[in-house]
Structure formats: structure tokens, C-alpha cells
Amino acid sequence: MGDDDTNRWPKIIPERIVSWSPGRRGREISDVVDKKILHAFKGVKSFPLKRIIIQFWRPETIGGKRLLACYGCPYALSLANHRLWKYRSRCIKYYYSIDDQGVPDDPMTISGAPPATAFLNHFPEVVLDLRVHRGTPLVDLALECELTCFMMIPVFSETGCVGIVEVSMRIPADLLVIFNDIKRELKRVGLSITPPRASWQPHKGVGLTRGGFTLAKSEIAEALQVAVQSHAIPLGQVWMAYENLHDRTSRMLLGKLNHFCVNLPGDPLSSVEFFYRDLVLLSMKKMRTVEGLIGRTLATRQPHLCRNIHKLSDNRGVLAVLSANVKCASFLICLRSSHTGEVNYVFEFFWPQTLDHLALMEALLLTLREHLPSFKYASGARLGDELLVVDVDNSSSSSGSASTPLKIFPRNKSSVAGRKRTRASVVMKRESIEGQSELTNINDPEGDDDLIILAVYKVDYRLFYLPSSPTYKVFLEKVYQEFDLNPAGTYTIEYQALPGDWYSLTNGTCLKSCVSSYRTLKNIDYIKLHVRAVEK
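Quantities reported herein were computed from a predicted structural model and do not represent experimental measurements.

## So, the overall build of the chain
Within the chain one finds 13 helices and 25 strands. A buried classification covers 56% of the 536 residues belonging to the chain. Within the chain, contacts between residues at least 6 apart in sequence are counted, and of these 69% link residues at least 24 apart. Counting every atom, the chain has about 23800 Å² of accessible surface; 51% of that belongs to carbon and sulfur.

Here you go:
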């Protein structure tokens with residue numbers, strides 16, 4: 001069957017390609033930002049065949065209004081996936097309002113959506129389940145095009161925010177890899193995902209003195225390193241209140257003061273450190289989201305334990321990127337130093353879910369007490385005193401915040417043998433976060449196992465996907481749907497097992513053989529199908 005391979009299988013590039021659409025009046029590819037974005041997109045190599053579209057939204061002033069637009073901006077997608085191209089071709093007709101002049105009357109201008117809030121707040125927006133946002137034109141279109149989650153990443157040059165990178169995809173578990181790829185490539189071309197360091201400083205409301213701040217930072221740096229290393233904690237970091245010098249509202253931000261990590265061989269949590277390495281500024285706009293646990297700890301001065309960040313997300317925070325891929329716990333405490341008065345510092349630690357959380361918290365508090373001589377809990381209690389920890393539990397009902405105290409005393413079985421006699425006492429309080437629920441179906445951290453199929457019919461071709469073990473009926477329905485075939489027509493379908501070797505695909509047994517060869521042959525990235533109409 002190899003004689004007509006050239007005719008039956010035209011030259012097709014199914015992988016994701018990077019392009020730029022000229023046409024915006026007064027804008028050419030010589031634009032410095034566009035050129036940098038274009039080069040950054042070309043460096044993003046992960047998942048080239050998956051349902052992923054990356055596009056840049058840039059601020060424009062049109063008719064006296066400030067808007068975000070993607071028309072004429074760089075983008076990356078697979079041209080063989082007609083759904084991605086459909087989504088892109090519709091996006092270029094819409095705008096996102098970044099004005100504060102109320103709801104726009106133009107039906108093609110969207111207000112209050114994640115791209116706009118990401119731009120205005122200078123902070124990434126992540127939605128793990130687009131179904132909860134039905135009713136917005138581009139969200140409805142994304143779902144129609146088999147895109148179920150997205151993230152909006154603000155991009156900064158030395159002068160400020162220059163636009164938003166949108167990443168829309170099918171599987172949330174892929175977000176972390178793409179996020180890290182984009183962060184790396186933006187840095188390579190001289191851009192960043194956080195505001196320039198020179199534009200933010202400790203918030204004026206905290207009243208720092210230079211000498212006291214230096215002493216406090218020195219203690220923090222030593223204590224953080226010792227605590228993380230001695231307890232093999234993948235990542236520990238400290239946050240405090242900052243402000244953007246160019247923000248007229250003096251809105252409070254969370255700036256990272258220090259961080260330290262331990263990379264163990266084969267540690268699946270190593271991605272946690274890489275995720276946070278350049279993420280040094282967080283928004284304070286939401287207090288009840290996962291990354292908002294830092295802000296909430298700062299506001300309430302209560303310690304918080306999240307046993308499984310994968311189960312705790314309002315589908316919007318930046319930590320949703322991490323939670324969609326990594327299974328770990330997070331512990332946060334708020335401390336103050338006598339060197340800096342009422343300045344609050346939030347210590348955040350990540351560790352595997354499988355560890356004894358209570359014993360590890362107890363040991364960690366003892367280590368911090370030894371190496372933070374000037375620090376106490378923000379409540380005024382000393383490190384080592386009995387502590388009330390809010391156990392954030394998303395598995396219970398979200399209708400209330402009732403709690404059941406659980407006292408952990410030094411003599412409890414959870415205490416680690418061999419420690420000093422004086423130990424920290426921990427009281428656990430279980431709390432549910434209102435409005436949050438565990439996602440289903442689409443956010444399995446193990447990722448998807450879709451079959452990637454590239455099919456040709458006449459001069460048309462389609463890149464599409466099927467579950468890992470489809471029935472023959474489901475398979476046929478998908479092929480007919482992709483090419484809009486006549487239900488009354490008769491068609492033959494063949495698949496390529498090896499270059500030049502084509503076999504008929506007529507029933508479930510043939511389909512199983514096709515899938516088996518796809519799984520077995522390591523050099524095959526997708527299944528090739530050839531569809532032909534049978535002449536009557």
C-alpha cells in the first residue's frame with residue numbers, strides 16, 4: 001500500500017506553530033515587545049500536539065478607551081486543529097476592557113474577565129474549570145472548542161505591564177509545565193511575569209527602620225535555611241507586605257523576602273521550587289483563595305495548614321497552576337520580630353502529603369524558635385507555646401465554617417521521639433472555605449491519556465483526540481463529526497501502522513490493533529487515518 005502514500009498523505013505539520021498576524025494600523029513586527037513575545041513563544045516546546053493555544057493580548061487605546069486586543073499579536077497553535085483556529089479567529093474580534101468607566105456598551109468588548117483583572121492587578125489569573133464561567137462569549141467558545149481551562153499571565157518590561165499571555169488548554173495538569181516554559185522564555189528575551197524589582201518596596205504602612213529590618217532579615221535567612229535543610233522540606237519562603245511605587249492606589253501586595261529549598265533526587269515536589277523561583281510578588285485582592293492563604297494568614301495572624309493544595313482552589317488563583325499538577329501540603333504562620341515592631345512576616349512551607357503534618361509542624365516550630373530569637377507569633381505568644389492552627393479542609397461542606405478543636409500536646413503519640421522535652425503544642429481547628437469545591441473529571445494531576453489522531457479526507461485534514469480506550473461506535477462518530485460526513489454515505493477508513501503500511505479499520509478489533517501499534521511504537525506521535533468516500 002506504499003505506492004500512493006504521497007497522494008493519500010499530503011505534507012502536513014500537525015505540531016504547534018508560532019505566527020504573527022500583521023494588519024493593525026500603525027503596528028509592524030518591528031515593534032520591540034511583539035518581537036520579543038514572538039521569540040518567547042517559539043521557545044515553548046512542550047506538548048506540541050495537544051489542545052493548547054497561546055496568544056498575546058496587548059493594551060490599546062481605541063476611541064478613547066483602554067482595551068486589551070489580540071488582533072495583530074503573536075500566537076501559537078496547531079493549524080491542523082480546526083477548533084483552535086476557530087477559537088483564535090473569533091478572539092481577534094473581541095476586546096477586554098481595562099478602563100474603570102463602567103460596563104462597555106459594545107457587545108464585542110468584555111469587562112471584568114480574567115485577562116483584564118490579570119492586567120489590572122499585575123497578577124496571574126488561573127481558571128481550572130471554565131464551565132463555572134459559562135455565559136461569557138469567549139468562555140462559551142473555548143468550551144465549544146474543547147478548551148476547559150486557561151491562565152492569563154501579565155508580562156512586564158522595565159517600564160511596566162506590556163500585556164497578557166493567554167494559555168488555553170484541555171488538561172489542567174499541563175498548566176505547570178507550560179507556565180514554567182513561558183516564564184523561562186520570557187526571561188530569555190528580557191521580559192518577566194512580575195513587575196520590575198525597583199518598582200516595589202515594603203508597604204509604607206508597616207513603618208520599617210533600615211537597621212531593624214536588616215537584623216530581622218538576617219535571622220530569617222539563617223532560620224529558613226536550617227529549618228528546610230534539617231527537616232528535608234522541599235520549599236520554605238517568607239512573605240511580607242509591599243506596595244508598587246507606580247500604583248496610585250497604594251494597593252498592598254505580598255512580596256517574597258526570602259526562600260530556601262531542598263532538592264532531593266527524584267523528588268516530585270522539585271517543581272514547587274521552580275514554580276516559585278521568580279514568582280516574587282502576589283496580589284492581596286483575594287483573601288480566601290489558595291495563594292490567598294498567605295494573605296489570610298497575614299490578615300488574621302492565625303496559622304493555616306492546607307493538607308492537600310490539589311483539593312483547595314477557587315479555580316482562579318496562581319497556585320491553581322501548581323495544585324493541578326503537584327500533590328503537597330502547605331503550612332503558614334505569621335511572626336513578628338522585636339527588631340521591626342508590628343511588621344508581620346508570613347512563613348510558608350510546602351511538604352509531601354504523606355508526612356505526619358502535626359509532628360512536622362511541631363518539630364519545625366522548635367527549630368524556628370531556636371534560630372529566631374527576636375521573633376514571636378504575631379498574636380504575642382512565644383514560639384513553643386500552645387498554638388491554634390486552622391486546618392483548611394475543603395472536603396467538608398462549604399456552607400459554614402464550624403470547627404472542632406483538636407489539641408495536640410507534647411506527650412501525644414504524634415510527637416517525634418528524641419526531641420527536647422519542651423515541645424510546641426499544637427491545636428488543630430478544622431475549617432471549610434466557603435465557595436470552594438473539589439473539581440471533577442478534568443483536573444486529575446496524573447494528566448490525560450488521549451489518543452492523538454491526524455486524519456485526512458480529500459484535501460481536508462483534522463487533528464483531534466479520543467479517550468484512551470474508545471469504542472468503535474465512538475470512534476466512527478468522532479470521524480464523521482470532524483469532517484461533517486454524510487450519515488447516509490459509505491466511507492473506508494485506514495490507519496498507518498508503519499510508513500507505507502496501511503490497514504483497514506472496519507470494526508472494534510481493528511481499532512484495538514490500531515491503538516496497540518500506536519502505544520507500542522515509540523517513534524509514532526499520533527495515529528494517521530485516511531478517510532475515503534466509497535463511490536456508488
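Right, picking up where we left off after that structure.
## Overview of helix α7 (residues 210-230)
Each turn of an α-helix holds 3.6 residues, which means side chains three or four residues apart point in the same direction. Over its 21 residues, α7 extends 30 Å from the first C-alpha to the last, a length consistent with the 30 Å expected when each residue adds 1.5 Å. Of the positions making up α7, those classed as buried are G212, F213, A216, E219, I220, A223, L224, A227 and V228. One face of α7 carries all of its buried residues, which in axial projection span an arc of 140 degrees. With its phi angle positive at about 50 degrees, A232 sits one or two positions after the end of α7.

## Let's talk about the environment of L143
The residue L143 is located in helix α5 (residues 137-144) in this model. According to the relative accessible area criterion, L143 is buried, its value standing at 18%. Counting along the chain gives 26 residues from L143 to M169, while the straight-line C-alpha distance between them is 9.9 Å. Ignoring any residue separated from it by four or fewer positions in sequence, one finds L143 in contact with L130, R131, R134 and T148.

## Some details on the packing of aromatic side chains
For the structure shown, the criterion picks out 10 aromatic pairs. One aromatic cluster in this structure is built from Y457, Y480, F483 and Y491.

## Section: α5
Listed in full, the buried residues belonging to α5 are L138, V139, L141, A142 and L143. One or two steps after α5, the chain reaches E146, where phi turns positive at roughly 65 degrees.

## Quick notes on the sheet that holds strand β21 (residues 451-457)
One open sheet accounts for 5 strands, arranged β22-β21-β25-β23-β24; its pairing is mixed. Both edges of this open sheet fall to β22 (460-466) and β24 (501-504), since each of them pairs with a single strand only. Each adjacent strand pair in this sheet contributes to an overall mean axis angle of 30 degrees, direction not counted. Note that β21 and strand β25 (residues 527-533) share 5 bridges and pair parallel. Each bridged residue has a counterpart across the sheet, and for Y457 the counterpart in β25 is V531. Contacts from helix α12 (residues 472-483) reach β21, β22, β23 (491-498) and β25 within the one sheet, and its direction differs from that of β22 by about 145 degrees.

## Points about the environment of T214
Here T214 is to be found in helix α7. With a relative accessible area of 46%, T214 lands in the partly exposed category. Sequence separation between T214 and H339 is 125 residues, and the spatial gap between their C-alpha atoms is 8.8 Å.

## Notes on the nonpolar core
It is characteristic of soluble globular proteins that their nonpolar side chains tend to be buried jointly. Core analysis: the biggest nonpolar cluster contains 47 residues, and I54, F56, M151, V165, V167 and I182 have the highest contact counts within it. Element by element, the count of residues in this core is highest for helix α6 (residues 175-188), at 6 residues. Ignoring sequence-local partners within four residues, the contact set of I54 consists of R16, F41, V44, Y75, A76, V165, E166, V167 and I182. By size, the runner-up hydrophobic cluster in this structure holds 34 residues, among which are A329, Y345, F347 and L387.

## Things to note about the packing of α7 against helix α11 (residues 357-371)
The relative placement of two packed helices comes down to the angle between their axes together with the axis-to-axis distance. Running from N to C, α7 and α11 cross one another at 150 degrees; their axes reach a closest spacing of 9 Å. Where α7 crosses over α11, the handedness of that crossing is right-handed. Across from E219, E222, A223, V226, A227 and S230 in α7, the residues of α11 making contact are L364, T367, L368 and H371. Here the contact of α7 with α11 is composed, by residue class, of 5 nonpolar, 3 polar and 2 charged.

Rules and cut-offs
- Residues numbered from 1 in each chain as written.
- Predicted model: local features only at pLDDT ≥ 70, side-chain atom pairs only at ≥ 80, totals over all residues.
- Heavy atoms only, no water.
- Helix = DSSP H or I, 4+ residues; strand = E, 2+ residues; numbered from the N terminus.
- Buried < 20%, exposed > 50% of the residue type's maximum accessible area, 1.4 Å probe, protein only.
- Contact = heavy atoms within 4.5 Å.
- Areas by Shrake-Rupley, 256 points an atom, 1.4 Å probe, with all protein chains shown as cover.
- Expected span 1.5 Å × (residues − 1).
- Arc of directions from axis to C-beta.
- Phe/Tyr/Trp six-rings, centres within 6.5 Å; stacked < 30°, edge-to-face > 60°.
- Pairing = 2+ DSSP bridges.
- Axes fitted to C-alpha atoms, helices over the stretch in contact; angles between N-to-C directions.
- Core = buried A, V, L, I, M, F, W, Y, C linked by side-chain atoms within 4.5 Å.
- Left-handed = near helix turned anticlockwise from the far one by under 90°.
- Nonpolar A, V, L, I, M, F, W, Y, C, P; charged D, E, K, R; others polar.

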